[in-house]
Amino acid sequence: MKTHTLFLCTGALAISLAACQPAVEAPEAILPIPEAKQVEWQKMETYAFVHFGLNTFNDREWGYGDSDPATFNPARLDCEQWVKTFVASGMKGVILTAKHHDGFCLWPTQLTEYCIRNTPYKDGKGDIVGELAAACRKYGIKFAVYLSPWDRHQANYASPEYVEYFHKQLRELMTNYGEVFEVWFDGANGGDGWYGGAKDSRTIDRKNYYDYPRIYKLLDELQPQAIVFSDGGPGCRWVGNENGFAGATNWSFLRAGEVYPGYPNYRELQYGHADGNQWVAAECDVSIRPGWFYHPEEDGRVKTVEQLTDLYYRSVGHNATLLLNFPVDRDGLIHPIDSANAVNFHKEVERQLSTDILKGIVPEVTDERGGAYTARALTDGDYDTYWATKDDVTTATVTFTLPQAQQVNRMMLQEYIPLGQRVSAFTVEYEDNGEWLPVKLKEETTTIGYKRLLRFATVHTAKLRVRFTEARACLCINHIGAYYAGEDSEVSFSLRAEELKSFPFTLPGISDDEAAKASDRDAATTCFVEGNRLLIDLGESRTVSSFHYLPDQSEYNKGLISSYRLRVGTDKSDVSRVVAEGEFSNIKHNPIMQSVYFTPVNARYISLEPVKMVNEGETMGFAEIGIQ
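All values derive from a computational prediction rather than experimental measurement.

J.: Please set out the pattern of salt bridges residue by residue, giving values where relevant.
T.: Scanning all chains against the criterion turns up 31 salt bridges. Note that R202 and D200 form a salt bridge whose closest N and O atoms lie 3.1 Å from each other. For R202, a relative accessible area of 15% translates into the label buried. Residue classification places D200 among the partly exposed positions, given a relative accessible area of 30%.

Structure representation (structure tokens):
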């Protein structure tokens, strides 16, 4: 009885002491941060685009604005067929081109005669915007619209009257078709057009003409949950290309007010602005075919399952979303090749990422905030739990010990973005015979954001670790997963000499005959360079993002560089900007092609400094060099 009483008292004391412990506070957000609707939008990850209209029937990409509405007559149009395809492809929504640049409207607007009312489709009683919105509601995916600001049909384009017309169009779409998750405005504005028969070229002030502040106010009033897309947002941004990928370094920030439709430095949108003060994550738009509208001759040029899977890793896996376009055909259906490839692409991504070998494993961490913010959150499958370090800790190591050695070639990392994007550099390593080695990647490991997916050469290991080496504030990571995708889908990481592509270059100070050995695509010849650096001259300034080096391939592999530093510059007298430094791991025993990837930079000169040689005192040996 006394023992029982003592136990109860001890337990009560423990509870009392625990209750007195101060609660562990969550990390403070680091600006900029997303709105709640921006987080929910990014969780959609993939959604569909549909380009369909007069261009479909007139074999055009950008209609001039003069096509006859009578040519629009899809005989078997079925919006439910579209949506069922999207659902089977894992898409969470669809954006419809309600009006493209030609000005033709897919809804029976009362604002212009250049619309579906004056087509043979359903004897002028059709409404494709309404039909698709209804199909989305039926099958449980989200709906959105693309309304082109440019209108090559309207006679009053470039006048104040057109702006009023455009705002009224937008109000119709935002009022009559239910909730939309995104409103899409593009940067193609002004130029040649029919313009009511004038057939001239018109220019506008892209920053101010459409009165976007008034548009944003209208959208806040009618569709407050909608994300606004344009070159510079404000809800999400164009990724700077129509190829469907973001940069490996991809910040969800832009400098407020700097980017506008037609922004000349659009290539930087692939990477975001590291010093940005506005949260504007990237959306990667790409068509499943070469064109955005349907062209019969492209039936044999649909992107393959492998190509689409690659784009998923380079869009969603690079902290962006993937907007995949389906050019609906002249019957009004998604072509069976497009449908099959999209569905199988979704299945392939699911297959590759189906089994998380880290699920439920609690890793060792070098720092932990405590409370609710422990390492357990990294593998619990809950988006809203996360591991965090103490306020002043911006570097840390997370080490996973597997129950047994396994094959691994994929990793997923996620930051808890409601508190901001933080990580700016990290490395992934595996243990091999007691030695930690970096996994072999084909891209830099800098930012993470909402989601980062890594593909690397297969390793067989019982231990994995992630070293977070640089961050804007304390770490907030809500998920780390690892997978084995199989050998059939493994990315090739071994580049042969004859396959190496490069910008043309010279090696100042090296004889022509000797320098030629570094670019002859022959692994059996080696260029030897004395001194403490190799200088490469591209002849002109170019955008470069990787350096490739095949070591000497002779029996004893002479002149191997163990550790390196890469600098770039546009002036030969000032090649000082460091873009990468590190080690060529295991080069002594495995002297294969060494590839260094870094954030794209404009440079004419590249300087490679051998910080450490495998055999000190040897001259550097280069069987091949490549700059891309």
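J.: An account of helix α6 (residues 160-176) is requested, with residue identities and associated values reported.
T.: Taking 1.5 Å of rise per residue, the 17 residues of α6 would be expected to cover 24 Å, and the 25 Å separating its terminal C-alpha atoms lies within 8% of that figure. Among all positions in α6, only Y162, V163, Y165, F166, H167, Q169, L170, E172, L173 and M174 are buried. One or two residues past the end of α6 sits G178, with phi positive at roughly 80°.

J.: Which residues make up the sheet that holds strand β1 (residues 46-51), and what are the values?
T.: Here we have eight strands rolled up into a closed barrel, ordered β1-β2-β3-β4-β7-β8-β11-β12, and parallel in their pairing. Averaged over all pairs of adjacent strands, the angle between strand axes in this sheet comes to 25°, irrespective of strand direction. Pairing geometry for strand β7 (residues 227-230) and strand β8 (residues 236-238), over two bridges, is parallel. Among the inter-strand pairings, S230 is bridged to a residue of β8, identified as R237. Sheet contacts for helix α4 (residues 79-88): β1, β2 (93-99) and β12 (320-327); angle to β1, the most-contacted strand, approximately 150°. Helix α8 (residues 305-315) rests against β1, β11 (281-287) and β12 of the sheet, and its axis sits at about 145° to β12.

J.: Break down the packing of α8 against helix α9 (residues 336-352) for me, with residues and values.
T.: Between α8 and α9, the shortest axis-to-axis distance is 9 Å and the interhelical angle comes to 55°. Of the possible angle classes, the one that applies to α8 and α9 is oblique. Here the hand of the crossing between α8 and α9 comes out right-handed. Touching V305, L308, T309, Y312 and Y313 of α8 are N341, A342, N344, F345, E348, V349 and Q352, all from α9. Looking at side-chain class alone, the contact of α8 with α9 contains seven nonpolar, four polar and one charged residues.

J.: Lay out the nonpolar core in plain terms, naming residues and giving numbers.
T.: F72, W82, F86, I128, F143 and Y210 are the most contacted members of the largest nonpolar core, which totals 77 residues. If you tally residues by element for this core, the top one is α6, at seven residues. Apart from the residues lying within four places of it in its own chain, the contact partners of Y210 are P149, W150, Y157, Y162, V163, F166, H167, N189, I204 and I215. Ranked by size, the runner-up nonpolar core spans 35 residues in total, among them Y146, Y263, F293 and Y386.

J.: How would you explain unusual backbone geometry if you had to name every residue and give the values?
T.: A cis geometry characterises the amide bond from L31 onward to P32, with omega recorded as -5°. Here the bond from G233 into P234 is cis, since omega is 20°, no more than 30 degrees from zero. One can find P234 in the loop between β7 and β8. Not every positive phi belongs to a glycine, and D59 is a case in point at roughly 55°. Along the chain, D59 falls in the loop between α3 (54-58) and α4. Positive phi, normally seen in glycine, also occurs at Y195, with a value near 45°. Position of Y195 among the secondary structure elements: in the loop between β5 (191-193) and β6 (200-202).

J.: I'd love a proper account of the sheet that holds strand β24 (residues 594-613), names of residues and values included.
T.: The strand order across the open sheet built from six strands is β20-β25-β21-β24-β22-β23, with neighbouring strands paired in antiparallel fashion. Every other strand in the sheet has two partners, leaving β20 (527-529) and β23 (577-583) as the edge strands with one partner each. With direction set aside, neighbouring strand axes in the sheet form an average angle of 40°. Bridge analysis of strand β21 (residues 534-551) against β24 gives 11 bridges, and the strand direction is antiparallel. Residue pairing in the sheet places H548 in a bridge with S595 of β24.

J.: Tell me about the pairing of β24, and please be specific about residues and values.
T.: Relative to β24, strand β22 (residues 561-569) is paired through eight bridges, and the arrangement is antiparallel. Residue pairing across strands places L566 opposite L608, the latter belonging to β24.

What counts as what
- Positions within a chain are numbered from 1, following the residues in the order the chain's sequence is written.
- This being a predicted model, a pLDDT of at least 70 is required before a residue's local features are given, and a value of 80 or more before pairs of side-chain atoms are given or counted; all residues contribute to the totals for chains, interfaces and linings.
- Excluding hydrogens and water, the side-chain figures rest on all heavy atoms present in the structure.
- Salt bridges, as used here, are contacts in which a Lys or Arg side-chain nitrogen is within 4 Å of a carboxyl oxygen on Asp or Glu.
- Each residue is assigned to one of three classes by its accessible area relative to the maximum for its type, calculated with a 1.4 Å probe on protein chains only: buried under 20%, partly exposed between the two thresholds, exposed over 50%.
- Helix and strand definitions follow DSSP, with helices as H or I runs of at least four residues and strands as E runs of at least two, each counted in order from the N terminus.
- Expected span, for any helix, means 1.5 Å times one less than how many residues it has.
- Strands are treated as partners if at least two bridges between them are detected by DSSP.
- Fitting a line to C-alpha atoms yields each axis, with helices limited to the stretch in contact; the angle taken between N-to-C directions then spans 0 to 180 degrees.
- Residues are treated as being in contact if the distance between any of their heavy atoms lies within 4.5 Å.
- Angles are sorted into four bins: roughly parallel if under 35 degrees, roughly antiparallel if over 145, roughly perpendicular if 65 to 115, and oblique for all others.
- The sense of a crossing depends on the near helix, which, turned anticlockwise from the far helix by less than a right angle, makes the crossing left-handed and, turned clockwise, makes it right-handed.
- Residues are grouped as follows: Ala, Val, Leu, Ile, Met, Phe, Trp, Tyr, Cys and Pro are nonpolar; Asp, Glu, Lys and Arg are charged; all remaining types, including Gly, are polar.
- Nonpolar cores are built from buried Ala, Val, Leu, Ile, Met, Phe, Trp, Tyr and Cys residues. Side-chain atoms within 4.5 Å join them into one set.

Purely spatial values, then, with no claim about function.
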